[in-house]
Amino acid sequence: MAADETAPAARGRITITEIARQAGVSVPTVSRVVNGRSDVSPGTRARVEDLLRRHGYRKRPSAVRTRAALLDLVFNDLDSPWAVEIIRGVEEVAHAAGVGTVVSAIHGRSGAAREWMRNLRARASDGVILVTSALEPTLHEQLRILGVPLVVVDPTGSPALDTPAVGAANWAGGLAATEHLLSLGHRRIGLIAGPPRLLCSRARFDGYRAALEAAGLAVDETLVVPGDFRPESGFAGCTALLDLPEPPTALFAASDQMALGAIEALRRRGLRVPEDMSVVGFDDLPEVRWSAPPLTTVRQPLADMGKLAVRTVLNLARGERADPPRVELGTELVVRSSTAPPTPAR
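Residues numbered from 1 in each chain as written. Predicted model: local features only at pLDDT ≥ 70, side-chain atom pairs only at ≥ 80, totals over all residues. Heavy atoms only, no water.

Student: Which parts of the structure should I look at to understand the overall build of the protein?
Tutor: When you go through the protein residue by residue, the secondary structure sums to 12 helices and 12 strands. Among the 346 residues that make up the protein, the fraction classed as buried is 50%. Residue pairs in contact within the protein that sit at least 24 positions apart in sequence constitute 75% of those at least 6 positions apart. With an accessible surface of roughly 16200 Å², the protein has 54% of that area assigned to carbon and sulfur atoms. (Helix = DSSP H or I, 4+ residues; strand = E, 2+ residues; numbered from the N terminus. Buried < 20%, exposed > 50% of the residue type's maximum accessible area, 1.4 Å probe, protein only. Contact = heavy atoms within 4.5 Å. Areas by Shrake-Rupley, 256 points an atom, 1.4 Å probe, with all protein chains shown as cover.)

What follows is the structure, encoded as structure tokens:
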């Protein structure tokens, strides 16, 4: 009899974390059910409520509070214009869903990432969108243990295979940029590549290579120079190409910022775009349509990637699956005034 009398109390001590584990959902999902929120799928709600009843779970009065729905949006850095485009897409969908957004930058430092994780626990976010591949595996594991849904927006890295991700068709973009220059009659086409450790950089380079090979041209390694997506590396890379005994007549820069740096290097040499060299970028950032000349580029749907990431992470928070787990949005060549056929003198 004594054992029976103490059983309800024992059951009442079960935690939300344990309920989430048994239900196969995240801790925020259980919290939403406990607090009577409507943004949980009926099947998930029924499963969680059944476990709550079976364990005799009771929320302590002192813990009763109204918590705003929150998403964490995490970048490695915030000094890139494409970060603003992703934020714009995330904010549009999150605001419409009544969800707040906390934007953080961890700068690739483990200390900053661990501090962000501590803050995440304190504010009990409903989900995380990572626009970085710099998180340590231990932090990924902590997110898994906490049951916080995670989606990676992937213009910069390669997420784990079991992590839902939203990316862009980088290979097709590199192919389209190079095919455009080939169609204009260029045969010596330089490439300022992105960091080779990044999946998107390798995909854009592979698209460049595929277009050349399809045209019967081998990749001339002297025409391929490294970059880091920033204007300074575009300036340095274009300068190195101009110093070759036979410079290229056209240039594909794997980011708009590097393309703008390359145009500045050409300007300082007294050369004109596209008369002396055609230039193609990648991203289609808002400012490149106002560059001199307006830049031909590959449009990467950055805002749309942010929008889809929010929809995906909110679905995961409701106990739904990400199907398919990885989505690549299409890229599109946007032709402006920075490309033209090579001049006879060139």
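Student: What is the right way to look at the environment of Leu73 in this model?
Tutor: Relative to the elements of secondary structure, Leu73 occurs in strand 1 (residues 70–75). Apart from residues lying up to four places away in sequence, Leu73 is in contact with Ile87, Val90, Thr101, Val102, Val103, Ser104, Ile129 and Val131.

Student: How should the nonpolar core be read in this particular structure?
Tutor: Side chains of a nonpolar character, in soluble globular proteins, are inclined to be buried together. Of all hydrophobic cores here, the largest spans 48 residues; its most connected members are Trp82, Ile86, Ile129, Ile192, Cys238 and Val310. No other element matches helix 12 (residues 302–317), which puts 7 residues into this core. In this structure, Ala177, Leu181, Phe205 and Ala250 belong to the second largest nonpolar core, which totals 18 residues. (Core = buried A, V, L, I, M, F, W, Y, C linked by side-chain atoms within 4.5 Å.)

Student: Help me out: how do you make sense of the pairing of strand 3 (residues 127–131) in this one?
Tutor: Within a regular strand, the side chains alternate between the two sheet faces. Counting buried residues along strand 3, 5 of its 5 residues qualify, which places the element largely inside the surrounding structure. Of the two faces of strand 3, both are covered, the one formed by Gly127, Ile129 and Val131 as well as the one formed by Val128 and Leu130. Pairing of strand 1 with strand 3 involves 5 bridges; the strand directions are parallel. Its bridge partner lying in strand 3, Leu71 is registered against Gly127. (Pairing = 2+ DSSP bridges.)

Student: Help me out: how do you make sense of the pattern of salt bridges in this one?
Tutor: Pairing between side chains of opposite charge can happen when their charged atoms approach one another. A full pass over the atoms with the stated rule returns 17 salt bridges. Residue Arg188 is joined to Asp220 by a salt bridge in which the shortest nitrogen-to-oxygen separation is 3.6 Å. In this pair, Arg188 is assigned in the loop between helix 8 (170–183) and strand 6 (189–193) and Asp220 in the loop between helix 9 (199–214) and strand 7 (224–226), connecting sequence segments 32 residues apart. Overlapping salt bridges, with partners in common, bring together Asp284, Arg299, Glu332 and Arg336 in one network. (Salt bridge = Lys/Arg side-chain N within 4 Å of Asp/Glu carboxyl O.)

Student: Looking at this model, I keep getting lost on the pairing of strand 4 (residues 150–153). Mind explaining?
Tutor: Covered by surrounding structure in strand 4 are Leu150 and Val152 together with Val151 and Val153, the residues of both alternating faces. Here strand 4 pairs with strand 5 (residues 165–168) via 2 bridges, running parallel. Each bridged residue has a counterpart across the sheet, and for Val152 the counterpart in strand 5 is Ala165.

Student: I tried to follow the sheet that holds strand 7 on my own but got confused; where do I start?
Tutor: Adjacent strands of a sheet pair through backbone hydrogen bonds, lying either parallel or antiparallel. The strand order across the open sheet built from 6 strands is 7-6-8-9-10-12, with neighbouring strands paired in mixed fashion. The open sheet has two edge strands, strand 7 and strand 12 (332–334), and neither has a second partner. Mean inter-strand twist for the sheet, computed between neighbouring axes without regard to direction, equals 20°. Bridge count for strand 10 (residues 296–299) against strand 12 is 3 bridges, and the pairing is antiparallel. Bridge pairing in strand 12 places Thr297 opposite Val334. Along the sheet, helix 8 makes contact with strand 6, strand 8 (250–253), strand 9 (278–283), strand 10 and strand 12, crossing strand 9 at roughly 165°. (Axes fitted to C-alpha atoms, helices over the stretch in contact; angles between N-to-C directions.)

Student: Help me out: how do you make sense of the sheet that holds strand 2 (residues 100–105) in this one?
Tutor: The strand order across the open sheet formed by 6 strands is 2-1-3-4-5-11, and the pairing between neighbours is parallel. At either margin of the open sheet sits one strand with a lone partner, and together these are strand 2 and strand 11 (326–329). Mean inter-strand twist for the sheet, computed between neighbouring axes without regard to direction, equals 20°. The sheet contact formed by strand 1 and strand 2 spans 6 bridges and is parallel. Bridge pairing links Leu70 to Gly100 in strand 2. With respect to the sheet, helix 5 (residues 81–96) is in contact with strand 1, strand 2, strand 3 and strand 4, its orientation differing from that of strand 1 by roughly 170°.

Just geometry here; none of it tells us what the structure is for.
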